[in-house]
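So the chains spell out like this:
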Amino acid sequence: MNNAQRKVGFMTLGCKVNTYDSEAMMEIFETAGYTIVDFSEVADVYVINTCTVTHLGDQKSRKMMRKAKRINPNAIICAVGCYVQVAPDEVEKIVEVDLMIGTKNRGDILAYIDAHLQDLSQRDFVSDIMDEKIFEPLMISEVKGKTRAFIKIQEGCNQFCTYCIVPFARGPVRSRNQQQIIDEVNRVVEMGYQEVILSGIHIASYGVDQTGTDVSKTDLIDLIEALDGIEGLKRIRLGSMEPKFITPQRLKRLAGLESFCPHFHLSLQSGSDTVLKRMGRRYTTAEYLEIVNQIRAVFPLAAITTDMMVGFPGETTAEFQETLDFARAVGFYQIHVFKYSRRTGTKAAAFPDQIDETLKNARSHELSELSRELELAFIKKNDGLIAEVLFEATNDAAGYEGHTKNYVPVFLVTDEKINGRIISVRVSYSSRYADKLIGDSII
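What you see is a predicted model, and the numbers here were worked out from it, not measured in a lab.

**Student:** Would you mind going over empty space enclosed by the protein with me for this structure?
**Tutor:** Take a probe with the size of a water molecule and roll it over the atoms, and the empty space left behind shows itself. In total, this model carries one cavity of 30 Å³ or more according to the counting rule given. Taken as a whole, the largest cavity spans an internal volume of roughly 60 Å³. In terms of lining residues, the largest cavity is bounded by K16, T19, Y20, E23, I140, V143, K146, R148, A149 and F150. Top contributing element to the lining of the largest cavity by residue count: helix α1 (residues 16–31), with four residues. The residue inventory of the lining of the largest cavity, partitioned by class, reads five nonpolar, one polar and four charged.

Below you can see the structure in the form of structure tokens.
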């Protein structure tokens, strides 16, 4: 069977960076003549791009590997990504898996498949990621089925927080060449996309590894300023950000950019200083709050979103209460709540006083309820404003849904076809749609 007759199905687990990596691999298969099919369909090759941030990510990754083999017992099952990188011995024991690739050399996946077909004993292509210094040239030339384009600008993390397996899965910081990023953004803008989201594992560290004469030294703000000059690019949005990257000087530069979206996802993890110290985070709650105040002094209606963990080893009732109180003090727009998951190889895995799962669930529920309360309060702050909305998808037969620059969802009833367009509308709050604003009229 030649490649033109072959089919490949993808299952992507985990973060937006994984989604980008999967789309880049899909292009490799398509260029070689494969047809991309839904993961539930019969295919010749299945690629499971795995996640290992929590034990549930590991569990779901294993489940998808076995599911693929059930769909087609004769297919080649390729396990790729973070879980494979940190636990190759575990994955090797999964009999359904034919091929293993970590978070390096994914661009060579077709060569690895060929090698496996020639010698079925060749299945482990996981290499050491910790010494990697170069950004793997996985990139996309076409964005499919979206209105906003994710652009991967860096890989890896040097932080080594005590709970986090990601540095071991993704390796050290590697920044993508600025001109390559500019070229990719130009391509997606030419395709009609008006908004890009700069993503990576630790985007605040963009540029810190760039040395030598072949790569110009630059940081994240320099990159954003360069992208702001691209004609037709209306919006630049940032992925998750290290809080201490934000300074008054950098905010001043961002404020001068018409395309910058005032949406800051500042990873917090805990509102308790004692928990933050045990986590190995590099800021205090007082420093974090000062950063938020600096942002709001420049962008009064900036959306501040975050990640917060419950059930970290030793988290007391008082420390959890500090987290609730601090979340209220900041006034987040949204909180991504997740439970601590013990990861072998991290320092926190050996910490005493591991928290019972029942208590984690209770705390997760309480913090999630607070998140919904804070989200509603922020949405109401935007009531009555005139906002530019990028309409992204048809909500139903009656209208469209989109997002403002500060990422508030807006629903607009119109007969006009406005998908993919940025339109100024007056927005208002309605209890009927508590999680979004209503577009009253087009301005």
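On we go.
**Student:** Please clarify how a positive patch on the surface should be interpreted in this entry.
**Tutor:** Together, K60, K63, K67 and R70 make up a region of like positive charge exposed at the surface. Structurally, K67 is set in helix α2 (residues 55–71). On the accessibility criterion, K67 (30% relative accessible area) is partly exposed.

**Student:** Where do I start with the pattern of salt bridges in this structure?
**Tutor:** Pairing of side chains with opposite charge becomes possible as their charged atoms draw close. What the rule picks out here adds up to 30 salt bridges. A salt bridge links K104 to E132; the nearest nitrogen and oxygen atoms lie 2.8 Å apart. Of this pair, K104 sits in the loop between β5 (99–101) and α5 (109–118) while E132 sits in the loop between α5 and β6 (148–152); the two residues are 28 residues apart in sequence, bridging distant segments of the chain. Where K360 meets E357, a salt bridge forms, and the shortest distance between an N and an O atom there is 3.5 Å. Here K360 and its partner E357 are both found in helix α13 (residues 357–381), three residues apart, which amounts to about one turn of the helix. Judged by relative accessible area, E357 falls into the partly exposed class, the value being 36%. Residues participating in the shared-partner salt-bridge network are D21, R106, E136, K152, E155 and R170.

**Student:** Explain the sheet that holds strand β9 (residues 195–199) here, please?
**Tutor:** Paired through backbone hydrogen bonds, the strands of a sheet run either parallel or antiparallel to each other. Pairing is parallel in the open sheet, where three strands are placed in the order β6-β9-β10. If you trace the sheet from one side to the other, it starts and ends with β6 and β10 (235–238), each paired once. Adjacent strand axes in the sheet meet at a mean angle of 25°, parallel and antiparallel pairs treated alike. Judged from the four bridges that link them, β9 and β10 form a sheet pairing that is parallel. The residue of β10 that forms the bridge with I197 is R237. Those strands touched by helix α7 (residues 178–190) are β6 and β9, and its axis lies near 165° from that of β6.

**Student:** So what exactly am I meant to see when it comes to unusual backbone geometry here?
**Tutor:** One non-glycine residue, Q269, adopts positive backbone phi at about 80°. In this structure, Q269 sits in the loop between β12 (263–266) and α10 (273–279). Positive phi, close to 70°, is recorded for Y407, a residue that is not glycine. Within the secondary structure layout, Y407 lies in the loop between β16 (399–404) and β17 (409–413).

**Student:** I would appreciate a short explanation of the side chain of N18 in the present structure.
**Tutor:** One can find N18 in helix α1. A polar atom in the side chain of N18 sits 2.7 Å from the backbone oxygen of L13. For N18, the side chain forms a polar contact with the main-chain oxygen of T50, separated by 2.9 Å. Leave out the neighbours within four places in its chain, and N18 touches T12, L13, N49, T50, C51 and R170.

**Student:** Is there a simple way to think about the packing of helix α11 (residues 285–298) against helix α12 (residues 317–330) in this case?
**Tutor:** Axis angle and axis distance: for two packed helices, these are the angle between their axes and the distance between the axes, and together they describe the pair. Remark: α11 packs on α12, axes separated minimally by 11 Å, with the N-to-C direction vectors making an angle of 15°. Compared by their axis directions, α11 and α12 come out roughly parallel. Handedness of the crossing formed by α11 with α12: right-handed. Residues T285, Y288, L289, V292 and R296 of α11 touch α12, and the partners they reach there are F326, A329 and V330. Partitioning the contact of α11 with α12 into residue classes produces six nonpolar, one polar and one charged.

How each quantity is defined
Each chain has its residues counted from 1, following the order in which its sequence is written. Reporting of local features is limited, given that this is a predicted model, to residues whose pLDDT is at least 70; pairs of side-chain atoms are given and counted only at 80 or more, and all residues count toward the totals for whole chains, interfaces and linings. To obtain the side-chain values, all non-hydrogen atoms of the structure were used and water was disregarded. The way it works is a 1 Å grid over only the protein atoms, where trapped points that fit a 1.4 Å probe form a cavity and open points with protein on both sides within 12 Å along at least five of seven lines form a pocket, and then any residue with an atom within 4 Å of a point lines it. Grid points are joined across faces, edges and corners, and a volume is the space filled by probe spheres set on the points. A helix here means a DSSP run of H or I that spans at least four residues, while a strand means a run of E at least two residues long, and both kinds are numbered starting from the N terminus. When residue character is reported, Ala, Val, Leu, Ile, Met, Phe, Trp, Tyr, Cys and Pro are called nonpolar, Asp, Glu, Lys and Arg charged, and the others, Gly included, polar. Each patch is built from residues that are more than 30% exposed by relative accessible area and take part in no salt bridge. Like charges join if they lie within 9 Å; nonpolar side chains (Val, Leu, Ile, Met, Phe, Trp, Tyr) join within 5 Å. Residue-level accessible areas treat just the shown protein chains as cover; the underlying method is Shrake-Rupley with a 1.4 Å probe. Note on definitions: salt bridges are taken to be side-chain nitrogens of Lys or Arg within 4 Å of carboxyl oxygens of Asp or Glu. Neither His nor the chain termini are counted; the positive set is Lys and Arg, and the negative set is Asp and Glu. Here the site of a charge means NZ on Lys, CZ on Arg, CG on Asp, or CD on Glu. The classification of residues rests on relative accessible area computed with a 1.4 Å probe and restricted to protein chains. Under 20% of the type maximum is buried, over 50% is exposed, and intermediate values are partly exposed. Each pair of strands is called paired provided DSSP finds at least two bridges between the two strands. Fitted lines through C-alpha atoms serve as axes, helices being fitted only where they are in contact, and the angles separating the N-to-C directions of these axes extend from 0 to 180 degrees. Two residues form a contact once any of their heavy atoms are found within 4.5 Å. For this analysis, a polar contact is any N or O atom pair within 3.5 Å, provided that within protein one partner can donate a hydrogen and the other can accept it, and provided that sequence-adjacent residues contribute only side-chain to side-chain pairs. Angular relationships are summarised with four words: roughly parallel below 35 degrees, roughly antiparallel beyond 145, roughly perpendicular across 65 to 115, and oblique for the angles in between. Left-handed describes a crossing in which the near helix is turned anticlockwise from the far one by less than a right angle; the clockwise case is right-handed.

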